[in-house]
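Chain and residue survey
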Amino acid sequence: MYNSKILGLGYFVPENVVTNDDLSKLMDTNDEWIQERTGIKERRHVIKGEDTTASMGVKAAKIAIERAGIDKDDIDFIVFATLSPDYYFPGPGVLVQRDLGIKTVGAIDIRNQCSGFVYGISLADQYIKSGMYQNVLVIGSELHSSGLDMTTRGRGVSVIFGDGAGAAVLTREEDKTKGILSTHLHSEGQHAEELSLIAPGMGKRWVSDILEDNDPEDTSYFPHMNGQFVFKNAVVRFSEVIVEGLKANQLEATDIDMLIPHQANLRIAQFIQRKFRLEDSQVFNNIMKYGNTTAASIPIALTEAWEQGLVKEGDLVVLAAFGSGFTWGSAIIRW
Ligand code: UT7
């Protein structure tokens, strides 16, 4: 048995900045509402045709691989987390294998939305722990902007989400006191529809129905979120899964050097910060710049924190996520 550790990190966001004022030209919203409720000032949107979920993932992965100081051919396995795949199938993992020109290693796609990266890290960790693989590439990438309802009807969702990608290379660590100490994953499908995108989905509509009945009022093609219900569940589950991770390692909240919460809403992160009595320096937030990038949010934030020297050798780093499914999870890492 080994441990795994993060050897390299990278992220990519499209250059195109979309401010709250930009959105208020498309729908009945305003900068004050968005900042007050979510903390978001701006987000990035792909220019049509310039990037996809897979291509952003590839760009983030190239940086992570280079920083890991390994060759792409040293990658033994690819894990790709997204809710916005380029194709219904195949998933983007294989596109990364193709576009990075990696040899024919396995590639798996994770469908756990905002928790996708934590699920991905957990999966990679198990493969490395067991000795099956030495270097695993984990990507979280999302292209939301092509699928949002940019009218007033969709404003409760559309102002929140942004595009981007983050990636990590995990490798074998012989020292059992270092690297990923534990991961904790959960789901509660009872609330599946509370934050969801129902169509296209083989359960909801047959392709022949879509072709025959192209109803402009059909909102099932847009993400749906019961915001307040999701918010209430998020604060409870974030807290629970952080406590679970700390307890499993006989640690206290005071031991946390850096908490990287999934960037769902600045108010949620602030609630968690207060609950665990953490200083500003112990929590990293960048939702102000990028919005909620679901599976990409933790690896983008972790990379930025690391680039700014806020994640250092020996630090206790906690990743925590909650989102559609509902799914939630945490990872406790000794850097
Ligand atoms: O990442 C996955 C996990 N996701 C989350 O954790 C998100 C959790 N939820 C939230 O962050 C919040 O619920 C939101 C930010 C989505 C919404 O904030 P809220 O305080 O729950 O607002 P609300 O949905 O209750 O809406 C309040 C009012 C409504 O108007 P009325 O009915 O009071 O007249 C909405 O129609 O705000 C209106 N509204 C907006 N107004 C301006 C909703 N969206 C907008 C908007 N601009 N973009």
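This structure is a prediction, so every number in the text was calculated from the model and none was measured. (Residues numbered from 1 in each chain as written. Predicted model: local features only at pLDDT ≥ 70, side-chain atom pairs only at ≥ 80, totals over all residues. Heavy atoms only, no water.)

1. A few points about the nonpolar core
- Among the nonpolar cores identified, the biggest contains 33 residues, and Ile 6, Leu 170, Ile 260, Leu 302, Val 317 and Leu 319 are the most heavily contacted of them.
- A total of 6 residues in this core trace back to one element, the largest contributor, which is helix H5 (residues 116–129).
- Counting contributing residues per domain, this core is built from domain 1 (3–173) and domain 2 (179–213 + 215–334), each supplying no fewer than three.
- Those residues in contact with Ile 6, other than ones at most four positions away along the chain, are Ile 121, Ala 168, Val 169, Leu 170, Leu 302, Ile 333 and Trp 335.
- Membership of the second largest hydrophobic core comes to 25 residues, among which are Val 230, Ala 234, Ala 253 and Ile 268. (Core = buried A, V, L, I, M, F, W, Y, C linked by side-chain atoms within 4.5 Å. Buried < 20%, exposed > 50% of the residue type's maximum accessible area, 1.4 Å probe, protein only. Helix = DSSP H or I, 4+ residues; strand = E, 2+ residues; numbered from the N terminus. Domains from an automatic or database assignment. Contact = heavy atoms within 4.5 Å.)

2. Structural notes on the packing of aromatic side chains
- Scanning the model with the defined rule gives 7 aromatic pairs in all.
- Geometrically, the ring pair formed by Phe 77 and Tyr 127 is edge-to-face, given 4.8 Å between the ring centres and 65 degrees between the ring planes. With a gap of 50 residues between them, Phe 77 in strand S4 (residues 77–81) and Tyr 127 in helix H5 connect regions that are remote in the sequence.
- On the basis of relative accessible area, Tyr 127 is assigned to the partly exposed category, the value being 22%.
- Cluster of aromatic residues (ring-pair linked, three or more members): Phe 229, Phe 322, Phe 326 and Trp 328.
- One Lys or Arg, Arg 172, reaches over the ring of Tyr 2 and ends 4.1 Å from the middle of that ring. (Phe/Tyr/Trp six-rings, centres within 6.5 Å; stacked < 30°, edge-to-face > 60°. Lys NZ or Arg CZ within 6 Å of the ring centre and 35° of its normal.)

3. Comments concerning the site of the ligand
- Every one of the 24 residues lining the ligand counts as a neighbour, but Thr 29, Arg 37, Gln 228, Asn 265 and Asn 292 are closest to it.
- Within the side chain of Asn 265, an N or O atom sits 2.6 Å from an oxygen atom of the ligand.
- In the complex, the protein chains occlude 72% of the 950 Å² of accessible area that the ligand would expose alone.
- Judged by the proximity of its atoms to the pocket grid, the ligand belongs to the second largest pocket.
- Secondary-structure elements contributing two or more residues to the shell around the ligand are helix H2 (31–38), helix H6 (155–158), helix H8 (227–248) and strand S12 (316–323).
- Per-element tally for the shell around the ligand: the top contributor is H8, with 5 residues.
- A domain-level breakdown of the shell around the ligand finds at least three residues from each of domain 1 (3–173) and domain 2 (179–213 + 215–334). (Near = heavy atom within 4 Å. Polar contact = N/O pair within 3.5 Å; in protein donor to acceptor, adjacent residues only side chain to side chain. Areas by Shrake-Rupley, 256 points an atom, 1.4 Å probe, with all protein chains shown as cover. 1 Å grid on protein atoms, 1.4 Å probe; cavity = no way out; pocket = protein on both sides within 12 Å on 5 of 7 lines; lining within 4 Å. Sits in = over half its atoms within 2 Å of the grid points.)

4. What to know about the layout of surface pockets
- Of the pockets and cavities examined, the largest pocket occupies roughly 960 Å³.
- What lines the largest pocket is a set of 34 residues, among which Leu 83, Ser 84, Pro 85, Arg 111 and Leu 197 lie closest to the centre.
- Classifying every residue of the lining of the largest pocket gives 16 nonpolar, 14 polar and 4 charged.
- Each of domain 1 (3–173) and domain 2 (179–213 + 215–334) gives at least three residues to the lining of the largest pocket.
- Estimates place the volume of the second largest pocket at around 750 Å³.
- Every residue lining the second largest pocket is counted, 38 residues in all, and those nearest its centre are Gly 156, Val 157, Ile 160, Met 225 and Gly 227. (Points joined across faces, edges and corners; volume = space filled by probe spheres on them. Nonpolar A, V, L, I, M, F, W, Y, C, P; charged D, E, K, R; others polar.)

5. Description of the sheet that holds strand S8 (residues 179–187)
- Sheet architecture is open: 4 strands sit in the order S8-S13-S12-S11, paired in mixed fashion. Edge strands, defined here as strands with exactly one partner in the open sheet, are S8 and strand S11 (258–261). When strand polarity is set aside, the average angle formed by the axes of neighbouring strands in this sheet is 10 degrees.
- Of the pairings in the sheet, the one linking S8 to strand S13 (residues 327–334) comprises 8 bridges and is antiparallel in character. Pairing of Leu 185 across the sheet is with Gly 329, part of S13.
- With respect to the sheet, H8 is in contact with S8, S11, S12 and S13, its orientation differing from that of S12 by roughly 145 degrees. (Pairing = 2+ DSSP bridges. Axes fitted to C-alpha atoms, helices over the stretch in contact; angles between N-to-C directions.)

6. Observations concerning the packing of H8 against helix H9 (residues 266–275)
- Where H8 contacts H9, the two axes come as close as 10 Å, and the packing angle between them is 40 degrees. By the angle class used here, H8 and H9 are oblique. Considering the relative orientation of H8 and H9, their crossing is right-handed. The residues of H9 that touch H8, namely those facing Phe 231, Ala 234, Val 235, Phe 238, Ser 239 and Ile 242, are Arg 267, Ile 268, Phe 271, Ile 272 and Lys 275. (Parallel < 35°, antiparallel > 145°, perpendicular 65-115°, else oblique. Left-handed = near helix turned anticlockwise from the far one by under 90°.)

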